[in-house]
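Summary of structural features
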Amino acid sequence: MTSAVPTAAGAAHPGGSLTMCGPDFPFPYDTYLAHPAGLGQVPARHHGTEVAVIGGGLSGIVTAYELMKMGLRPVVYEADRIGGRLRTERLPGAPEDVVAEMGAMRFPPSSTAFWHYAHRVGLDTRAFPNPLSAATPSTVVDLKGESHYATGLDDLPEVYREVARAWGETLESVEHTRMQKAIRERDVATQKEIWNRLVAGLDDQTFYGFLCASPGFSSFRKREIFGQVGFGTGGWDTDFPNSILEILRVTYTGADDDHLSIVGGVDRLPLRLWEDAPDKLVHWAQGTSLASLHGDGPRPAVTALRRTAAGGRPSGNVTVTDASGSTRTYPAAVFTAQSWMMLSQIDCDDDLLPIDHWTAIERTHYMESSKLFVPVDRAFWRDRDPVTGRDVMSMTLTDRMTRGTYLLEGEDPDGPAAICLSYTWCDDSLKWLPLSPNERLEVMLASLGKIYPGVDVRKHITGDPVTVSWEDEPYFMGAFKANLPGHYRYQRRLFTHFHQEDLAERHRGLFLAGDDVSWTAGWAEGAVQTALNAVWGVMHHFEGATDAANPGPGDRFEELAPVALPED
C-alpha cells in the first residue's frame, strides 16, 4: 500500500511528466536541485554569517537548510511549531500511519521540488482517496437530497458525465493539451506564448465568469453540479469568485489529480529536514544540522522588524525583535510567514519594502478553511450492506454542511482508522467558526445521518474530535492565498521580490518567500520554489554565484520573468 516518493521523472527525461515548474516562471527547480554542482556558493569571508529566517514552515525550513549548506548560519524564528500548515495531529489509539492532516494533506506527482526533499528524508507515500479515484472504494454524491453511489464516473447519471465532458472542452478553449505538452517538454517558448496571452486577456475574469462564457456551461444546472462536485479533488464553487488564472495554473500542471499522502504525516518532512545532516555542506563540520545550530530550538515569534541605519545612510540590515525581548541585527533576512503577519502581528518599518509591495500585501486574499477529524475503531465503511451489496459508507461529496467527507485507512485493514468528517472552504468554513469541536461534531453527524440513515457512525468513534479553522489561527489568519481578478500585478511584485536589482539599496536584503508569495498558493510546491528563489537572492546579496552549469532562478530571470502587464 505504501511506496517510495515519486522521483522527478521530468527532470531526468524531459517530455516525460508534468511539473509545477510553470507557466508564469518556467524555471526547472527540480533539475536545479538535482544538479551535482549544487545551488551556488558565497565567498568564504561570509561563511558563518547569520541570516534571519522568519517562519518555520516548509518554506522557512527549506530556506534555512539550503543556506546552511552554503556555509551561512540561518537563525530560524517560529511562533508556533515547525511545519506551519504542514500540521499533523496524532490521534489517540490510532496506528502511526493513521493521522489527521490539518493543513496540506495531498500532493501531486508534479510537485517535483517538494518530492526532492521528501526523497531526501526517506518518506513513503500512499494514494490519497479523492472522490472517484482508484484509491477510493466508492464515492457518494449527495445533492438536493438525492444520493448517487459510484465506484467510477460511469456509475453516475449522464448529467455528471456531461459536466465532465464540458469541463474538458472548456479547458481546450485555453489550449490545455498544448500547454501540458509544452510543460512536459520543458518548452519555455510555447508556455510563455500561450500564458502571456491568457494573462493579458483573462486577468479580469472570475472562474465563474469564465465558465459562463463557455458553451458547455451555458446551463446553470451544469455550473451548479460542477461547483458542488467538480472532478478530481471535489467541488470548485468556493473558487468561483477567484481569478480563472488561479485555476488554470492548477489544471495545466496536473496539481488537481493523482494525489499522494505522506505515510505517518506530512509534518515529518520539515521535522526531518530540521534534523538532517547534509552530505555536502560548506564551512560547517560534517554532521551539522539545523537542529544542532539552534540548540534549544527555533527562536520565538518575531514582534518587530526594522531597517538599521549605518554610517548615516539606510542599509540592507534587518533588525529583528522577538517575543523574548531579544533584538538582533542581520545583514539579510528571509520572511516566509503569511504576509498578513507584517500588517498586524509584527511591528514593521514602512521602509522594509517599497510601497508597491506593501500594497500587494494589503490586497492579498486568503481562503478560509476548516477540517474536523475523528478516530474510529476500524474501517467500518467497507462493510457491505446486505440489501444493496454496496459499501455502507463512502467518500462523500454533498451540498449539506459537511461538504466533503474522507475515509482514511492504515496498512492494517482491520485496525483503527480515521474520518475527516468535514473539509470546507470560505463561507462554508465560516459557518463552523463559532462552534466548539463537539458542537461541530454533532452537526456533522446529523448531516451524514441523512445520507446514511442506517449507519451509526457515532458508535465507531473512539476519541475526541480534532478540528481547525485556519482563519482563526492567529499566526495564519487564513488557509492560503487565492488571487482575485485584477490581482496578477500584485502577485508578480511579490513573487519577483527575490530579484532585487531594480530595488533601491535601502530595500534590499529582506526577501519574501512562502506559498502565498508563489503562483501556486495552497500547494507545498510553491513554498519550496519560493524558498529556492530566496536562497538565490541571499546568495546574490552576499556576492555569491551559481555554477555556470547550473544557473539559478535569478540568473535566468530576464529570460523567464513573468509577463509584466501595463500599470496605466
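Given the structure is predicted, the values throughout are model-derived calculations rather than measurements. (Residues numbered from 1 in each chain as written. Predicted model: local features only at pLDDT ≥ 70, side-chain atom pairs only at ≥ 80, totals over all residues. Heavy atoms only, no water.)

**A few points about the pairing of strand β2 (residues 50-54)**
For β2, the tally of buried residues reaches four of five residues, placing the bulk of the element in the interior. As paired strands, β2 and strand β3 (residues 73-77) are joined by five bridges and run parallel to one another. Counted as the bridge partner of Val-51 is Pro-74 from β3. Note that the unit made of β2, helix α3 (residues 58-69) and β3 has a crossover that is right-handed. Pairing geometry for β2 and strand β13 (residues 333-335), over three bridges, is parallel. Paired with Ile-54 across the two strands is Phe-335, which belongs to β13. (Buried < 20%, exposed > 50% of the residue type's maximum accessible area, 1.4 Å probe, protein only. Helix = DSSP H or I, 4+ residues; strand = E, 2+ residues; numbered from the N terminus. Pairing = 2+ DSSP bridges. Right-handed = clockwise from strand over helix to strand, strands pointing away.)

**Description of the sheet that holds β3**
The strand order across the open sheet formed by four strands is β3-β2-β13-β22, and the pairing between neighbours is parallel. Unpaired on one side and paired on the other, β3 and β22 (510-512) mark the two borders of the sheet. Neighbour to neighbour, the strand axes of the sheet diverge by 20° on average, direction disregarded. In the sheet, β13 pairs with β22 via three bridges, with the strands oriented parallel. From the neighbouring strand, Val-334 faces β22, where its bridge partner is Phe-511. Lying on the sheet, helix α18 (residues 524-541) is in contact with β2, β13 and β22; it crosses β22 at an angle near 165°. (Axes fitted to C-alpha atoms, helices over the stretch in contact; angles between N-to-C directions. Contact = heavy atoms within 4.5 Å.)

**Concerning the pattern of salt bridges**
All told, the structure shown has 40 salt bridges when counted by the stated rule. With a shortest N-O distance of 3.3 Å, Glu-66 and Lys-69 are connected by a salt bridge. Of this pair, Glu-66 and Lys-69 both sit in helix α3, separated by three residues, roughly a single helical turn. The class of Lys-69 is partly exposed, set by a relative accessible area of 25%. Measuring nitrogen to oxygen at the nearest pair gives 3.1 Å for the salt bridge that ties Glu-473 to Arg-87. Of this pair, Glu-473 sits in the loop between β20 (466-469) and β21 (480-481) while Arg-87 sits in the loop between β3 and β4 (88-90), placing them 386 residues apart in sequence. Bridged by salt links that share partners, the residues Glu-175, Arg-178, Glu-193 and Arg-197 form one connected network. (Salt bridge = Lys/Arg side-chain N within 4 Å of Asp/Glu carboxyl O.)

**A closer look at the packing of aromatic side chains**
One pass over the structure, following the stated rule, counts 33 aromatic pairs. Arranged with centres 5.7 Å apart and planes meeting at 85°, the rings of Phe-207 and Trp-236 form a pair that is edge-to-face. With a gap of 29 residues between them, Phe-207 in helix α8 (residues 207-212) and Trp-236 in the loop between α9 (220-228) and α10 (244-252) connect regions that are remote in the sequence. Neither Phe-207 nor Trp-236 differs from the other in exposure class; each is buried. Arranged with centres 5.1 Å apart and planes meeting at 50°, the rings of Tyr-208 and Phe-240 form a pair that is tilted. With Tyr-208 in helix α8 and Phe-240 in the loop between α9 and α10, this residue pair connects regions lying 32 residues apart in the sequence. Accessibility expressed as a relative area gives 12% for Phe-240, which makes it buried. Here the aromatic residues Phe-25, Phe-27, Tyr-29, Tyr-32, Tyr-488, Phe-495, Phe-498, Trp-519, Trp-536 and Phe-557 are joined through ring pairs into a cluster of three or more. (Phe/Tyr/Trp six-rings, centres within 6.5 Å; stacked < 30°, edge-to-face > 60°.)

**A short note on the packing of helix α7 (residues 188-202) against α10**
Axis separation between α7 and α10 bottoms out at 10 Å; the angle between their running directions is 155°. As judged from the angle between their axes, α7 and α10 are roughly antiparallel. Mapping the contact onto sequence places Ile-194, Trp-195, Leu-198, Val-199 and Leu-202 in α7 and Ile-244, Leu-245, Leu-248, Arg-249 and Tyr-252 in α10. Partitioning the contact of α7 with α10 into residue classes produces nine nonpolar, no polar and one charged. (Parallel < 35°, antiparallel > 145°, perpendicular 65-115°, else oblique. Nonpolar A, V, L, I, M, F, W, Y, C, P; charged D, E, K, R; others polar.)

**A word on the state of the cysteines**
According to the stated counting rule, one finds zero disulfides in the structure shown. This cysteine, Cys-420, is not joined by any disulfide, and Cys-426 carries the nearest cysteine sulfur, 16 Å off. On the basis of relative accessibility, which here comes to 13%, the residue Cys-426 falls in the buried class. (Disulfide = S-S within 2.5 Å.)

**Remarks on the sheet that holds strand β18 (residues 404-408)**
Pairing within the open sheet is mixed, and its seven strands lie in the order β8-β7-β17-β18-β19-β16-β20. For this open sheet the edge positions go to β8 (146-150) and β20, each flanked by a neighbour on one side alone. Pairwise comparison of adjacent strand axes, ignoring direction, gives a mean angle of 15° for this sheet. Contacting β7 (139-143), β8, β16 (369-376), β17 (395-398), β18, β19 (417-425) and β20, helix α16 (residues 437-451) runs over the sheet at an angle of about 80° to β16.

**Quick notes on helix α5 (residues 158-172)**
Residues spaced three or four apart along an α-helix point in a common direction, a consequence of the helix completing one turn every 3.6 residues. Compared with an ideal rise of 1.5 Å per residue, which puts 15 residues at 21 Å, α5 spans 21 Å between its outermost C-alpha atoms and is within 8% of the ideal. Val-159, Tyr-160, Arg-161, Val-163, Ala-166, Trp-167, Thr-170 and Leu-171 are the residues of α5 that are buried. Elements in contact with the buried residues of α5: β7, β8, α6 (176-184), α8, α9 and α10. (Expected span 1.5 Å × (residues − 1).)

**Quick notes on α3**
The end-to-end C-alpha distance of α3, which contains twelve residues, comes to 17 Å, matching closely the 16 Å that a straight helix rising 1.5 Å per residue would cover. α3 sits mainly inside the fold: eleven of its twelve residues count as buried. All of the buried residues in α3 are Leu-58, Ser-59, Gly-60, Ile-61, Val-62, Thr-63, Ala-64, Tyr-65, Glu-66, Leu-67 and Met-68. Just downstream of α3, Gly-71 is the residue with a positive phi angle, here 100°.

**Section: the side chain of Gln-338**
Counting through the fold element by element, Gln-338 comes out in the loop between β13 and α13 (341-344). For Gln-338, a relative accessible area of 6% translates into the label buried. At 3.1 Å, the side chain of Gln-338 and the backbone oxygen of Phe-476 are in polar contact. Dropping the residues within four chain positions of it, Gln-338 is found in contact with Arg-85, Tyr-366, Tyr-475, Phe-476, Gly-478, Ala-479, Asp-515 and Asp-516. (Polar contact = N/O pair within 3.5 Å; in protein donor to acceptor, adjacent residues only side chain to side chain.)

**Describing the pairing of β19**
The buried fraction of β19 is high, at nine of nine residues. As judged from the eight bridges shared by β16 and β19, these two strands associate in the antiparallel manner. For Pro-375, the partnering residue across the bridge sits in β19 and is Ala-418. Taken together, the three bridges between β18 and β19 define a ladder with antiparallel strand orientation.

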